[in-house]
Amino acid sequence: MKKLLILALAITTFACSNDDNNAQVINNPQTPGLAYAVSESDFTTTYSLLRSELQANPNISIIAEVNHTANAQNIDKDLRNTRVIFFGNPTLGTPLMQENQLAGLDLPQKMLVYQDNDNNVFVSYNGTEYLAARHSGVGGAQTLQQIKSALANFTEDATNGSVSENSSSGITNKQGIITLVSNNDFNTTYNNLRNAVVDNAALTLFAELNHQENAPNEGDLNPTRVIIFGNPELGTPLMQNAQTTAIDLPQKMLVWEKEDGTVNISYNDSDFLQERHGITNNDGRLDQIKSALNNLAIDAAN
C-alpha cells in the first residue's frame, strides 16, 4: 500500500509539472492606451463573434473590414492572423467631435483581432482614456462612458475574457498628429486628397466617412471627413515587427473645417506609431510613409 501511495504521488507530481511546462504563455500588449482581452476561442471564431455582435446592434454600422493577413499574402509576405473592423454609432461619436473636431481622426471606432506568436488571440481597441488624453475636451463628452461600456461589452462577449486597458498617462493633447492648413475650400481639399489617393497605384482606398453628414442632426458638426487607405508593401513589415501597429493601420487622413472657415488636413505621424508600438528596424519604411503622407497633404492643400 505504501509503495502504491508513493507511486501515485509521483505520477501526480509529474502531471502537475508537465501542465506547468505546457502552460500557455500570454504576452499582453504593452501599447499605451490600448484596451484588450484574451480570447478563449480560436481566431476565426473570435472574429466572427465580434462581427456578429456589431451586426446585431441596430445603432451600429460596419464601415469597413481590413484583413491585413490577406493583404500581406497578396504581396507574398507572411503575417499572423490580423484583422481590423471599423464601425460607428454617430449618436455616440458626434459629441466627441463637438468637443474636439480633431477626434474625427480616431473615429469611427475600430477593433483589432490578432493571433500572436504564441497563438494567443486578442481583441483590442484604443481605449476611451486614450481618446480623452489625445483630444483635449473629449473627456467631458457626455457619451464617452457609454462608448467605454459598449466597447468593453463587445470585447468580453467575443472573447469570454476580461478587458484590461494600458495606461494613457504618457499621451498628450494632439500627440502624434500632423496638421496642415489648406489653401483651398473644404470640398476642393477633400476631392484633391481623394483623387491623389485613388490615382496612386501603390495605395488602396478602403473607406470614406462623412462625419458631418452622419451626425444625428443637421448643423451638429462642421464639415469633417475621413479617408482610410493603405499600402501593404509599407504597412506589412511594421505589423510583422510589432503586430499591434495594426490598430493604427490602414492610414487615415482627416479633412476638417473650423468655425472660422479654416480648412485643415490631419494625419498620424509615423514617428508616433514607431514610439507607441515599439517598432524597430524599419526606419527607412517609416520615413517613406512620412514622406508619402506629407506629399498627399500638400497636394490636397494646394
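Details of the structure are given in the entry above.
All of the points below concern the structure found in this document. (Residues numbered from 1 in each chain as written. Predicted model: local features only at pLDDT ≥ 70, side-chain atom pairs only at ≥ 80, totals over all residues. Heavy atoms only, no water.)

Turning to the overall build of the protein, a few remarks are in order. Across its full length, the protein carries 11 helices and 11 strands. In terms of its C-alpha atoms, the protein occupies a principal-axis envelope of roughly 90 × 40 × 35 Å. Out of the 302 residues belonging to the protein, those deemed buried represent 49%. Accessible area for the protein stands at about 14,200 Å²; split by element, carbon and sulfur atoms hold 44% of it. (Helix = DSSP H or I, 4+ residues; strand = E, 2+ residues; numbered from the N terminus. Buried < 20%, exposed > 50% of the residue type's maximum accessible area, 1.4 Å probe, protein only. Areas by Shrake-Rupley, 256 points an atom, 1.4 Å probe, with all protein chains shown as cover.)

Pro108 follows Leu107 through a cis peptide bond whose omega is 5°. Within the fold, Pro108 resides in the loop between helix H4 (90-99) and strand S4 (109-115). Backbone geometry at Asn119 places phi at a positive 70°, although glycine is not the residue there. Looking at the secondary structure, you find Asn119 in the loop between S4 and strand S5 (121-126). At Asn160, a position not held by glycine, the phi torsion is positive, near 60°. In this structure, Asn160 sits in the loop between helix H6 (144-159) and strand S6 (164-165).

The N-to-C vectors of helix H9 (residues 232-241) and helix H11 (residues 283-301) enclose an angle of 135°; their axes lie 10 Å apart at closest approach. Considering the angle they form, H9 stands oblique to H11. Crossing of H9 over H11 shows left-handed handedness. Of H11, the residues touching H9 (which contributes Glu233, Leu234, Pro237 and Leu238) are Arg285, Leu286, Gln288 and Ile289. (Axes fitted to C-alpha atoms, helices over the stretch in contact; angles between N-to-C directions. Parallel < 35°, antiparallel > 145°, perpendicular 65-115°, else oblique. Left-handed = near helix turned anticlockwise from the far one by under 90°. Contact = heavy atoms within 4.5 Å.)

Moving on, we get to the nonpolar core. Grouped together as the largest cluster of nonpolar side chains are 33 residues, with contacts concentrated most on Leu50, Leu54, Leu96, Met111 and Val113. Every element with two or more residues in this core is listed here: helix H2 (43-56), strand S3 (82-88), H4, S4, S5, helix H5 (128-134), H6 and helix H10 (270-277). For this core, the element with the most residues is H6, which contributes 6 residues. Once residues lying within four places of it in the same chain are set aside, the contact partners of Leu50 are Ile85, Met111, Val113, Val123, Phe154 and Ala158. Among the nonpolar cores identified, the runner-up in size contains 24 residues, and Val197, Leu234, Val255 and Ala297 belong to it. (Core = buried A, V, L, I, M, F, W, Y, C linked by side-chain atoms within 4.5 Å.)

Taken in spatial order, the 5 strands make up an open sheet running S7-S11-S10-S9-S8, and their pairing is antiparallel. In this open sheet, the two strands that pair with only one neighbour each are strand S7 (177-181) and strand S8 (204-210). For this sheet, the mean angle separating the axes of adjacent strands, direction not counted, is 20°. Examined bridge by bridge, strand S10 (residues 251-257) and strand S11 (residues 263-268) share 5 bridges and lie antiparallel to one another. The residue bridging Glu257 from the neighbouring strand is Val263, located in S11. (Pairing = 2+ DSSP bridges.)

Time to look at the sheet that holds strand S2 (residues 61-67). Think of a sheet as strands paired side by side through backbone hydrogen bonds, with each pair either parallel or antiparallel. The antiparallel open sheet is built from 6 strands, whose spatial order is S2-S3-S4-S5-S1-S6. Edge positions in the sheet fall to S2 and S6, since each of these pairs with one other strand and no more. Looking at chain direction, S2 and S3 are connected through 6 bridges and run antiparallel. Its bridge partner lying in S3, Ala64 is registered against Phe86. Sitting on the sheet, H2 touches S2, S3, S4 and S5, and the angle it makes with S3 is about 5°.

Another aspect to go through is the side chain of Arg276. The topology assignment puts Arg276 in helix H10. On the basis of relative accessible area, Arg276 is assigned to the buried category, the value being 4%. A polar contact is formed between the side chain of Arg276 and the backbone oxygen of Pro32, at a distance of 3.0 Å. One polar contact links Arg276 to Asn126, side chain to side chain, over a distance of 2.7 Å. For Arg276, the contacting residues outside a window of four places in its chain are Thr31, Pro32, Gly33, Leu34, Asn126, Tyr130, Ile247 and Asp248. (Polar contact = N/O pair within 3.5 Å; in protein donor to acceptor, adjacent residues only side chain to side chain.)

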